[in-house]
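A structural walkthrough
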Amino acid sequence: MATKIITVANQKGGVGKTTTVINVCHGLALLGKKILALDFDPQGNLASALGVKQEMGIYYLLTMGQNNKQERQFIHQTVRTTGRDNLWIIPGNQDTRGAQIDMSTRERPVSYVRQVLDLFMKYGLDYIVIDTSPSLGGLQERALWAADLVIVPTAMEYLSNQGVIKLAEILKVLDEKYRWNGKLLGILPTFYDDTTRQSRDSLNNLQEAFGDLILPIIHRATVLRESAADGQSIFEKDPDSRAAEEYQKVVKAVLRAR
Ligand SMILES: Nc1ncnc2c1ncn2[C@@H]1O[C@H](COP(=O)(O)OP(=O)(O)OP(=O)(O)O)[C@@H](O)[C@H]1O
Ligand SMILES: [Mg+2]
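One structure accompanies this document, and this report is about it.

How each quantity is defined
Once a new chain begins, its residue numbering starts again from 1 and follows that chain's sequence as written. Chains carry letters and ligands carry numbers; both start at the beginning, A for chains and 1 for ligands, and go up in the order they are written. In view of the model being predicted, local features appear only for residues whose pLDDT reaches at least 70, and side-chain atom pairs are presented and counted only at 80 or more, with totals across whole chains, interfaces and linings using the full set of residues. Strands are runs of DSSP state E lasting at least 2 residues, helices are runs of H or I lasting at least 4, and numbering of each runs from the N terminus. The quantity called the radius of gyration is restricted to C-alpha atoms. Its globule counterpart is 2.2 Å times the number of residues to the power 0.38. Buried residues are those with 20 or more other C-beta atoms within 10 Å of their own C-beta, exposed residues have 12 or fewer, and partly exposed residues lie in between; C-beta atoms are placed from the backbone. A pair of residues counts as a contact when their C-beta atoms, built from backbone coordinates, are separated by no more than 7 Å. Each residue gets a C-beta atom placed from its backbone. If that atom is within 6 Å of a molecule or strand, the residue is near it. Residues are grouped as follows: Ala, Val, Leu, Ile, Met, Phe, Trp, Tyr, Cys and Pro are nonpolar; Asp, Glu, Lys and Arg are charged; all remaining types, including Gly, are polar. By the convention used here, strands pair only if DSSP detects at least 2 bridges between them. Only C-alpha atoms enter the line fits that serve as axes; for helices the fit covers just the stretch in contact. Angles between N-to-C directions range over 0 to 180 degrees. Should an angle fall under 35 degrees it is called roughly parallel, over 145 degrees roughly antiparallel, and 65 to 115 degrees roughly perpendicular, with every other angle called oblique. Working rule for handedness: look at the near helix, and if it is turned counterclockwise from the far one by less than a right angle, call the crossing left-handed; if clockwise, right-handed.

Along the backbone of the chain there are 12 helices and seven strands. Its C-alpha atoms give the chain a radius of gyration of 17 Å, within 12% of the compact-globule value 18 Å for 258 residues. Across its three principal directions, the C-alpha atoms of the chain cover 55 × 40 × 35 Å. Counting the 258 residues in the chain, one finds 46% classified as buried. Here the contacts in the chain between residues at least 6 apart in sequence split such that 79% fall between residues at least 24 apart.

Near ligand 1 you find 20 residues, and of these Gly13, Lys17, Thr18, Thr19 and Pro134 are the closest. Broken down by secondary-structure element, the contributors of at least two residues to the shell around ligand 1 are helix H1 (17-30) and helix H10 (222-229). Per-class residue counts for the shell around ligand 1 are seven nonpolar, nine polar and four charged.

What follows covers the environment of arginine 80. Within the secondary structure, arginine 80 sits in strand S3 (residues 80-84). With 17 C-beta atoms packed within 10 Å, arginine 80 lands in the partly exposed category. Taking the C-alpha atoms as reference points, arginine 80 and serine 233, separated by 153 residues in sequence, lie 17 Å from one another. In contact with arginine 80, other than residues within four places in its own chain, are Val52, Trp88, Ile89 and Pro91.

Attention shifts here to the sheet that holds strand S2 (residues 35-39). Overall, mixed pairing links the seven strands, which are arranged S3-S4-S2-S5-S1-S6-S7 in an open sheet. What marks the edges here is a single partner per strand, and that holds for S3 and strand S7 (183-190). For this sheet, the mean inter-axis angle between neighbouring strands, taken without regard to orientation, is 25°. Relative to strand S5 (residues 127-131), S2 runs parallel, the two sharing five bridges. For alanine 37, the partnering residue across the bridge sits in S5 and is valine 129. Each of strand S6 (149-155) and S7 touches helix H8 (residues 160-178); the most contacted strand, S6, lies at about 165° to it.

Relative to the elements of secondary structure, alanine 244 occurs in helix H12 (residues 242-256). The spacing of alanine 244 and alanine 147 is 97 residues in sequence and 25 Å in space, taken between C-alpha atoms. With sequence-adjacent residues up to four places away left out, alanine 244 is seen in contact with Ile234, Phe235, Asp238 and Pro239.

Two quantities define a packed helix pair, namely the angle between the axes and the distance from one axis to the other. Axis separation between H8 and helix H9 (residues 197-210) bottoms out at 9 Å; the angle between their running directions is 25°. On the basis of the axis angle, H8 is roughly parallel to H9. Taken as a pair, H8 and H9 cross one another with a handedness that is right-handed. Counting all contacts with H8, which are made through Ser160, Asn161, Val164 and Ile165, the residues of H9 involved are Ser202, Asn205, Leu206 and Ala209. Across the contact of H8 with H9, the residue classes break down as four nonpolar, four polar and no charged.

So this is what it looks like as structure tokens:
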């Protein structure tokens, strides 16, 4: 199977992007899929939440990765093990911002991230999964264009679907104007709370707007917050929890996607 690229994005902050990347990546890795996770967010949370040190790996990747002549050495210098079978990461840190500026100064094409990721296409990886920051700039746009599949986590609160609609519009532009080859895998309702009307209303609105594209919901769960703080995935922290069961369903949806 060719390596598939998955980008997890929503310009809104704190909606569960990083949590989704960690748990989908580790869920896939536990099923024997080989995964490389990339932290495109200058906050560097992905590494921390996996218990890995923040580093300027993404800076190197985005400024020096294209047509790198010392490929093996470059990969060795940027890719880190996570201490888990089948799961590797290129960590990021605040220097990723510099790479972002460099990218726009050099007017890199919309295909730039995809081109850079060509580096990793011959190592038998099943998925490369990109975590993105809560904004909509050139880097996010290029990470979306690079994707075969896009997942958009969205918190169940009033107006949460505004951001999702905006993102869906961007995907449409990438498709129509820049011949994007990927597709929206789905919108992932997060922070769902059975006791509030707000959650139900938000989900209804999303279902009306996006129908089949709504993925199985993730409830608000303290254990998800705790697992991130402990540098663990939910499958390590509490594999019997409802949250683990819910993320497992998302993993299955990824496996089914063509
Ligand atoms: N379903 C959930 N229930 C409870 N807490 C959650 C849930 N999902 C994520 N969290 C916690 O909420 C916070 C924000 O989640 P996360 O970092 O995944 O969001 P994000 O979209 O990546 O944020 P940012 O936009 O800042 O990158 C974290 O502390 C995380 O552990
Ligand atoms: Mg994040």
